[in-house]
Amino acid sequence: MKTMQQTRSGRIFRGSFTQQEPIPEAGIAAAVDILRSGRLHRYNLAGDERGMVAELEFEYAAWQGARHCLAVTSGGQAMQIALRALGLGPGARVLSNAFTLAPVPGAIAAVGAQAVLVECDEELCIDLGDLERKAENHECDGLLLSHMRGHLCDMDKLMAICARHGLIVIEDCAHTMGARWDGRLSGQFGHAACFSTQTYKHMNSGEGGFLTTADPEVMARATILSGSYMNYAHHGAGPEPDAFVRARLEMPNCSARMDAVRAAILRAQLIHLDDNIARWSERHEVVRARLDGVAGVALPRPLDKAMRVGSSFQFRLPRADAALCRDLIAGCEGRGVVLKWFGAPDPVGFTSNHASWRYMQAQDLPQTDRILSTLFDMRLPLTFSLDDCALIGDIIAEEIAALGLAA
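Cut-offs applied
- Residues numbered from 1 in each chain as written.
- Predicted model: local features only at pLDDT ≥ 70, side-chain atom pairs only at ≥ 80, totals over all residues.
- Heavy atoms only, no water.
- Buried < 20%, exposed > 50% of the residue type's maximum accessible area, 1.4 Å probe, protein only.
- Helix = DSSP H or I, 4+ residues; strand = E, 2+ residues; numbered from the N terminus.
- Pairing = 2+ DSSP bridges.
- Axes fitted to C-alpha atoms, helices over the stretch in contact; angles between N-to-C directions.
- Parallel < 35°, antiparallel > 145°, perpendicular 65-115°, else oblique.
- Left-handed = near helix turned anticlockwise from the far one by under 90°.
- Contact = heavy atoms within 4.5 Å.
- Nonpolar A, V, L, I, M, F, W, Y, C, P; charged D, E, K, R; others polar.
- Phe/Tyr/Trp six-rings, centres within 6.5 Å; stacked < 30°, edge-to-face > 60°.
- Lys NZ or Arg CZ within 6 Å of the ring centre and 35° of its normal.
- Disulfide = S-S within 2.5 Å.
- Core = buried A, V, L, I, M, F, W, Y, C linked by side-chain atoms within 4.5 Å.
- pLDDT = per-residue confidence, 0-100.

Attention now goes to the pairing of strand β9 (residues 209–213). Taking burial as the measure, the five residues of β9 include five buried ones, the bulk of the element. Residues G209, L211 and T213 point to one face of β9 and F210 and T212 to the other, with burial holding for every one of them. With five bridges connecting them, strand β1 (residues 68–72) and β9 associate as antiparallel partners. The residue of β9 that forms the bridge with H68 is T213. Note that strand β8 (residues 192–196) and β9 share four bridges and pair antiparallel. Counterpart to C194 in the pairing with β9 is L211.

In structure tokens form, the structure reads like this:
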């Protein structure tokens, strides 16, 4: 598809920022087979059939290098279940990133815990100095660490801080499926990890998610919480039956099971995940090359040990005011490039910030506010070619130049 044409205002991008690649044909065929069978529920099995969801759990655990894996209805549900399974419920104080998306503080609020937000640093990671201070001063019980937009902090330093303060660590890996710190996959550091398979994530089932852990007791509690009733033996990467002796009677049923249709389309995508991670990184680097060095632009610089999955792109304009930020959004939108801005006073789409989360206590986060006030965000779906990404980067660079920030 042709993506650009010459107009008096310059080149225009004609692609869609919300169009994902189609589900692989093998996944479509498997899903159709399930629909024909009528057996969509994960425990509605025939004979000694293992089941599509259990197969997915086994395969994702192997890919992730996790001992146990639970497939659920969303990444948000995975976080809520992980918090409950690890005892971070009513009365607990849970540290988390100030720069994240609403499901993260929402999960903390949903289980009755109190969120203590930690500042964001210049590279869009959790600020480790502020984390240390708040761990010392706020008597916190855990950390729900959001690897927001795929930006990995120094995980060695973070885990050392958490160990010093006895913090339970849950990793939110919704944006880091396949990302690595010093060669080690994100999600392998904390007590549990949560992943999303929502449409805009690294595998697409519309909605869905995974919870992984090495702890059999945590997985037993999580499995019962997900709504397994007494069908916990039908899980592909669950613990042995004796781990469920207490959990099966003590944990409430939250009805968050993944169904067989979603599992079928995810299994077909998991086969291609490593290749797709490489493709996202290529696209990200093309856009980055177009904006690196542009006057007025600040790009996050990943740490040497971090390997990011580039399915989205972020940049800041530290010298811009709100009016110039709005001008950039309008200028790019007029040329087909859709940017999201985290500095708007009211939430727009997914770009809410901590000031909008009024279900929790207001917190003073001046560093995060400064950074978010000029932060822009953009999806990079795999439906974009490398030439598309070059064009998008050029359009953004031209529109930034028109703002006159170089002066």
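On we go.
Taken N-terminus to C-terminus, the directions of helix α10 (residues 273–291) and helix α13 (residues 386–402) make an angle of 30°; their axes are 8 Å apart at the nearest point. Judged on the interaxial angle alone, α13 and α10 are roughly parallel. Here α10 runs over α13; the crossing is right-handed. Where α10 approaches α13, its residues E282, R283, V286, V287, R290 and L291 are matched on the opposing element by L386, C389, A390, G393, D394, I396, A397 and I400. Grouping the amino acids of the contact of α10 with α13 by side-chain chemistry returns nine nonpolar, one polar and four charged.

Turning our eyes to something else, we now look at the packing of aromatic side chains. Think of a pair of aromatic rings as described by two things: how far the centres are apart, and how the planes are tilted against each other in angle. Under the criterion given, the structure shown has 10 aromatic pairs. The interplanar angle of 75° and the centroid separation of 5.6 Å between the aromatic rings of F13 and F17 together place this pair among those described as edge-to-face. Assessed through its relative accessible area of 6%, F17 is described here as buried. Taken together, the aromatic side chains of Y60, W63, F195 and F210 make up a single cluster linked through ring pairs. Geometry around F58 places R50 over its ring, the cationic atom sitting 4.9 Å from the centre.

The next thing to look at is the state of the cysteines. This model, assessed by the stated rule, comprises zero disulfides. No disulfide involves C162; its sulfur sits 8.7 Å from that of C153, the nearest cysteine. What makes C162 buried here is its relative accessible area of 2%. With no disulfide partner, C389 has as its closest neighbouring cysteine sulfur the one in C332, 15 Å distant.

Consider a sheet: its strands pair through backbone hydrogen bonds, and that pairing is either parallel or antiparallel. The sheet built from three strands is open, its strands ordered β7-β6-β10 with antiparallel pairing. The strands lining the two open edges of the sheet, one partner per strand, are β7 (184–185) and β10 (306–307). Relative to β10, strand β6 (residues 180–181) is paired through two bridges, and the arrangement is antiparallel. Among the inter-strand pairings, W181 is bridged to a residue of β10, identified as A306.

Turning next to the nonpolar core. If you look at the biggest cluster of nonpolar residues, it comprises 46 residues, and the most contacted ones within it are Y60, L95, I126, L131, L158 and F210. It is helix α2 (residues 52–64) that provides the largest number of residues to this core, a total of five residues. Every residue in contact with L158, bar those within four places of it in the chain, is listed here: I126, L128, L131, L143, L145 and C153. In this structure, V294, I329, L391 and I395 belong to the second largest nonpolar core, which totals 34 residues.

Here we come to the side chain of S186. Within the secondary structure, S186 is located in the loop between β7 and β8. Other than its neighbours up to four places away in sequence, S186 contacts Q64, H147, L152, E171, C173, T176, A179, R180 and F195.

What follows concerns the confidence of the model for the chain. Low-confidence regions, as indicated by low pLDDT, have predicted coordinates that should not be scrutinised in detail. Per-residue pLDDT for the chain has a mean of 95; in total, 97% of the residues score no lower than 70. Across residues 1–9, confidence stays below pLDDT 50; counting only partners more than four residues off in sequence or on other chains, it has 18 contacts.

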